Amino acid sequence: MSSETSPHKPRVAVVFGGRSSEHAISVLTAGAVLRAIDRDRYDVLPIGITTDGRWALTADDPERMAITDRQLPTVAALAESTEGGVVLPVDPTNREVVYSEPGSVPKALGEVDVVFPVLHGPYGEDGTLQGLLELSGVPYVGSGVLASAVGQDKDYMKRVFTSFGLPVGPYEVIRPREWEKDPAAARRKIVDFAGEHGWPLFVKPARAGSSMGITKVDDLGGLDEAIEEARRHDPKILVESLLRGREIECGVLEFEDGPRASVPAEIPPVTAHDFYDFEAKYIDSADGIVPAPLTAEQTAKVQELAVAAFEAASCEGLVRADFFLQDNGEFVINEINTLPGFTPISMYPRMWQESGVSYPELIDRLLQAALQRSTGLR
């Protein structure tokens, strides 16, 4: 092993923050992960990425990575310097992490054995960071480049699921070139979709998470504002019809014998919000029901679909799969998250806790799987 201070323990770089609109959620997740990592088994190096992309050395202080008085945390507030930067060499023969500040001699921070990326959204969860780590030859927790990219782009995610025979709901995609070339035609495309499937619609960024940029549109009058809000997060937008039914989630975790599904959870109707949006998830703390009150047959079916989605997208490590149980009794898969939240109220660790895998055990299992998995083609 390679840590200078603790040569017998693997060194884990927990990378968090990032340039996406989910920056604060990533910081919350990092705080929870840092609390859970067994310090007797691992050395830990927290590395935060600011909203402008600077890799910063941060304090190992989970208590500061929390919502305080409804204010979300940031890497900038945790960084030890406003200018210093952390560099991970893109060289598979060298895992030495270096920290430098303007006018100062670079400081070696030691080698890293494994990276635990807890970044959500673009520039972290979408395969970009995974590609950097592949080039560096550093093992990391979670899915590889392809699965991460598929899991981030809801358009291609649904195409992959459809090709594997998994049930998805009606949707339409407006790509950047369509909007730039003829906004009126793109808008008509959405209106035609509403004519076929009815109002309300959900207009959302195709490549964002944590319910960022999503608007429930009840009629034509709210459409333009919803499109503008979605495009503020992503020039590619997704339009989905309302699926009436219950929101069910299921965790998937990779074990030695392959992926297994957790007990499912249910997201109950949120009375203070139109849908399970960002405020409901992270500010007002909507309570999920774990395990979900389903029949044995329904539980088995959603677990089967969750593992099938994991395999269809070639995922590794972990996934949270989100479904709708429609009024007709059929499940429809909404999306997967290849790096789901690990905040104290997050559903993924809660589902595994109920399935007999404690939070520290969950973190340890993910790290051990990453340490045993090579980078490159596999």
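Residues numbered from 1 in each chain as written. Predicted model: local features only at pLDDT ≥ 70, side-chain atom pairs only at ≥ 80, totals over all residues. Heavy atoms only, no water.

1. Topic: the nonpolar core
Here's step 1: Membership of the largest hydrophobic core comes to 35 residues, with the highest contact counts inside it found for V14, F16, F116, F342 and I363.
Here's step 2: Elements supplying a minimum of two residues to this core: strand 1 (11-17), helix 1 (23-36), helix 2 (75-78), strand 7 (114-117), strand 12 (245-255), helix 11 (347-354) and helix 12 (359-372).
Here's step 3: Excluding residues that lie within four positions of it along the chain, V14 makes contacts with A30, L34, I37, V44, L45, P46, I47, F116 and V118.
Here's step 4: In this structure, M157, L166, F331 and I336 belong to the second largest nonpolar core, which totals 25 residues. (Core = buried A, V, L, I, M, F, W, Y, C linked by side-chain atoms within 4.5 Å. Buried < 20%, exposed > 50% of the residue type's maximum accessible area, 1.4 Å probe, protein only. Helix = DSSP H or I, 4+ residues; strand = E, 2+ residues; numbered from the N terminus. Contact = heavy atoms within 4.5 Å.)

2. Quick notes on helix 12
Here's step 1: For helix 12, with 14 residues, the first-to-last C-alpha span of 20 Å sits near the 20 Å given by 1.5 Å per residue.
Here's step 2: Those residues of helix 12 not exposed but buried are Y359, L362, I363, R365, L366, L367 and A370.
Here's step 3: For helix 12, the secondary structure elements touched by its buried residues are strand 1, helix 1, strand 7, strand 12, strand 15 (318-326) and helix 11. (Expected span 1.5 Å × (residues − 1).)

3. Some details on helix 10 (residues 296-312)
Residues three or four positions apart in an α-helix share a direction because the helix packs 3.6 residues into each turn.
Here's step 1: The end-to-end C-alpha distance of helix 10, which contains 17 residues, comes to 24 Å, matching closely the 24 Å that a straight helix rising 1.5 Å per residue would cover.
Here's step 2: Close packing links the buried residues of helix 10 with helix 5 (154-163), strand 12, strand 13 (258-261), strand 15 and strand 16 (331-337).
Here's step 3: Count one or two residues on from helix 10 and you reach S314, which has phi positive near 60°.

4. Brief notes about the confidence of the model for the chain
Here's step 1: Put simply, the chain has an average pLDDT of 90, and 93% of its residues get 70 or more.
Here's step 2: Per-element confidence in the chain is highest for helix 10, whose mean pLDDT is 98, and lowest for helix 9 (residues 278-283), whose mean pLDDT is 48.
Here's step 3: Of the regions scoring below 50 in pLDDT, residues 1-6 engages in 15 contacts with residues more than four places distant in sequence or in other chains.
Here's step 4: Scored below 50 in pLDDT, residues 280-285 makes 23 contacts in the model with residues more than four places away or belonging to other chains. (pLDDT = per-residue confidence, 0-100.)

5. Focus on unusual backbone geometry
Most peptide bonds adopt trans geometry, and most residues besides glycine take a negative phi value.
Here's step 1: For the bond running from W199 to P200, omega is -5°, close enough to zero to count as cis.
Here's step 2: Note that P200 resides in the loop between helix 7 (183-197) and strand 9 (201-205).
Here's step 3: Across the junction of V290 and P291, the peptide omega takes the value -5°, indicating a cis bond.
Here's step 4: Turning to its location among the elements, P291 is positioned in the loop between helix 9 and helix 10.
Here's step 5: Positive phi values are uncommon outside glycine, yet Y123 reaches one of about 65°.
Here's step 6: With respect to the secondary-structure elements, Y123 resides in the loop between strand 7 and helix 3 (128-136).
Here's step 7: Note on Y123: relative accessible area 43%, which makes it partly exposed.

6. Details of the pattern of salt bridges
Here's step 1: By the definition in use, this model includes 25 salt bridges.
Here's step 2: The residue K9 makes a salt bridge to D43 at a minimum N-O spacing of 3.5 Å. Of the two residues, K9 is situated in the segment before strand 1 and D43 in strand 2 (residues 43-49); the sequence distance between them amounts to 34 residues.
Here's step 3: Connected via shared salt-bridge partners are E134, E254, E316, R373 and R378. (Salt bridge = Lys/Arg side-chain N within 4 Å of Asp/Glu carboxyl O.)

7. Digging into the side chain of T338
Here's step 1: Assignment of secondary structure puts T338 in the loop between strand 16 and helix 11.
Here's step 2: Among residues more than four places away in sequence, those in contact with T338 are E125, S143, A147, S148, G151, C315, L318 and V319.

8. Structural notes on the packing of aromatic side chains
Here's step 1: If you walk through the whole model with that rule in mind, you get 5 aromatic pairs.
Here's step 2: With 6.2 Å between their ring centres and 80° between their planes, F323 and F331 make a pair best called edge-to-face. Accessibility assignment for this pair places F323 and F331 in one class, buried.
Here's step 3: Here F342 and Y359 contribute two aromatic rings whose centre-to-centre distance is 6.1 Å and whose plane-to-plane angle is 20°, an arrangement assigned as stacked. On the criterion of sequence distance, the pair formed by F342 in the loop between strand 16 and helix 11 and Y359 in helix 12 is long-range, its members being 17 residues apart. Like F342, the residue Y359 is buried in the burial classification.
Here's step 4: Here the aromatic residues F116, F342, Y348 and Y359 are joined through ring pairs into a cluster of three or more.
Here's step 5: Looking at R19, its charged tip hangs above the ring of Y123, at a distance of 3.9 Å from the centre.
Here's step 6: Lying over the aromatic face of Y171, K158 brings its terminal NZ or CZ to 5.5 Å of the ring centre. (Phe/Tyr/Trp six-rings, centres within 6.5 Å; stacked < 30°, edge-to-face > 60°. Lys NZ or Arg CZ within 6 Å of the ring centre and 35° of its normal.)

9. Focus on the packing of helix 4 (residues 145-152) against helix 5
Here's step 1: Two elements in contact, helix 4 and helix 5, have axes separated by 5 Å at closest approach and are oriented at 105°. One finds that helix 4 runs roughly perpendicular with respect to helix 5. Along its contact with helix 4, which presents V150, G151 and Q152, the element helix 5 presents K154, Y156, M157 and V160.
Here's step 2: Per-class residue counts for the contact of helix 4 with helix 5 are 4 nonpolar, 2 polar and 1 charged. (Axes fitted to C-alpha atoms, helices over the stretch in contact; angles between N-to-C directions. Parallel < 35°, antiparallel > 145°, perpendicular 65-115°, else oblique. Nonpolar A, V, L, I, M, F, W, Y, C, P; charged D, E, K, R; others polar.)

10. Some remarks on the packing of helix 1 against helix 12
Here's step 1: As a packed pair, helix 1 and helix 12 sit with axes 9 Å apart at the nearest point and diverge in direction by 95°. Relative to helix 12, the element helix 1 lies roughly perpendicular. Contact residues: helix 1 offers A32, V33 and A36, while helix 12 offers Y359, P360 and I363.

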